[in-house]
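Descriptive analysis of the structure
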Amino acid sequence: MCTGNVCRSPMAEALMNHYVSNWGISANVISRGLAAPVGRSPHPHAIRVAEAHGIPLAPDKRAAQVSSADMAMATAIFIMDSDHRREVQKAYPTASGKTFLLGQWQGQEIADPINEPLPKFEDAWVQCDQGVQEWLKRLRDADIVRFVENV
């Protein structure tokens, strides 16, 4: 989850779906925004970076606003920065215990590249990729998900 669901969270969603599929994990992965411009397509730079890495964003991906139902159904919620954590704690206090920074294990927040040039989207992609892979491995080690790593 990010702010608008047009940059970071769609990239993280594509990465998570990629690894879930390739590692044989059974999971439903969605991305949402805390202040999403509902129906908007992903940012062109996000699309370009994802395609360059061979993990394209879903062609029908559109920005979606997070709902109480989304938060209740989620097993884990990955956010991009500490501002998102405060927003989740305020709006969805019961989800606080299952809300984590995507870049937690790298000790980083993932900055919003929305008004930045293409290289900032590349930076966000790399950070999302590192976070997704590390979280999936840690969920495996905690026996929350199971997979056969074949990458």
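Residues numbered from 1 in each chain as written. Predicted model: local features only at pLDDT ≥ 70, side-chain atom pairs only at ≥ 80, totals over all residues. Heavy atoms only, no water.

1. Brief notes about the overall build of the chain
Each helix and strand counted, the chain has five helices and two strands in total. Secondary structure elements of the chain occur, N-terminal to C-terminal, as α-α-α-β-α-β-α. Relative to the 2.2 N^0.38 estimate, which gives 15 Å for 151 residues, the radius of gyration of the chain is 14 Å and therefore close to what a compact globule would have. Seen through its C-alpha atoms, the chain measures out along the principal axes to roughly 40 × 40 × 30 Å. Expressed as a percentage of its 151 residues, the buried residues of the chain come to 44%. Pairs at least 24 residues apart make up 70% of the contacts formed inside the chain by residues separated by at least 6 positions. (Helix = DSSP H or I, 4+ residues; strand = E, 2+ residues; numbered from the N terminus. Rg over C-alpha atoms; globule rule 2.2 N^0.38 Å. Buried < 20%, exposed > 50% of the residue type's maximum accessible area, 1.4 Å probe, protein only. Contact = heavy atoms within 4.5 Å.)

2. Details of the side chain of H43
Position of H43 relative to the elements: it lies in the loop between α1 (8–22) and α2 (44–52). Only 3.4 Å separates the side chain of H43 from the backbone oxygen of I114, close enough to count as a polar contact. Contact partners of H43, with chain neighbours within four places excluded, come to V6, C7, I114 and F121. (Polar contact = N/O pair within 3.5 Å; in protein donor to acceptor, adjacent residues only side chain to side chain.)

3. Things to note about the nonpolar core
In this structure, L102 and L136 are the most contacted members of the largest nonpolar core, which totals 33 residues. When residues of this core are traced back to their parent elements, those giving at least two are α1, α2 and α5 (118–141). A total of eight residues in this core trace back to one element, the largest contributor, which is α5. Judged by nonpolar contacts, the second largest core, of eleven residues, contains M71, A74, Y92 and L101. (Core = buried A, V, L, I, M, F, W, Y, C linked by side-chain atoms within 4.5 Å.)

4. Focus: unusual backbone geometry
The residue N5 is not glycine, and still its phi comes out positive at about 60 degrees. Tracing the sequence through the fold places N5 in the segment before α1. Phi at D143 is positive, roughly 60 degrees, even though this residue is not glycine. Within the element layout of this structure, D143 appears in the segment after α5.

5. Description of the packing of α1 against α5
When two helices pack together, their arrangement is given by the angle between the helix axes and by the axis-to-axis distance. For the pair α1 and α5, interaxial distance at closest approach is 9 Å and the crossing angle is 40 degrees. Classified by the interaxial angle, the pair formed by α1 and α5 is oblique. Remark: the crossing between α1 and α5 carries right-handed chirality. Between α1, through R8, M11, A12, L15, M16, Y19 and V20, and α5, the contact on the second element is made entirely by F121, A124, W125, C128, D129, V132, Q133 and L136. For the contact of α1 with α5, a count of residues per class yields twelve nonpolar, one polar and two charged. (Axes fitted to C-alpha atoms, helices over the stretch in contact; angles between N-to-C directions. Parallel < 35°, antiparallel > 145°, perpendicular 65-115°, else oblique. Left-handed = near helix turned anticlockwise from the far one by under 90°. Nonpolar A, V, L, I, M, F, W, Y, C, P; charged D, E, K, R; others polar.)

6. Let's talk about α1
With 15 residues, α1 should reach 21 Å at 1.5 Å per residue; the first-to-last C-alpha distance of 21 Å fits that figure. Along α1, eleven of the 15 residues are buried, which leaves the element largely enclosed by surrounding structure. Those residues of α1 not exposed but buried are R8, S9, P10, M11, A12, E13, A14, L15, M16, Y19 and V20. Where α1 is buried, its residues touch α2, β1 (77–79), α4 (82–91) and α5. Looking one or two places after α1, you find G24, whose phi comes out positive at around 70 degrees. (Expected span 1.5 Å × (residues − 1).)

7. A word on the pattern of salt bridges
Going through the model one piece at a time under the given rule, you end up with seven salt bridges. As a salt-bridge pair, E134 and R138 come within 2.8 Å of each other at their nearest N and O atoms. Separated by four residues within a single helix, E134 and R138 lie in helix α5, roughly one turn from each other. Taking the relative accessible area as the measure of exposure, R138 reaches 35% and is therefore partly exposed. (Salt bridge = Lys/Arg side-chain N within 4 Å of Asp/Glu carboxyl O.)

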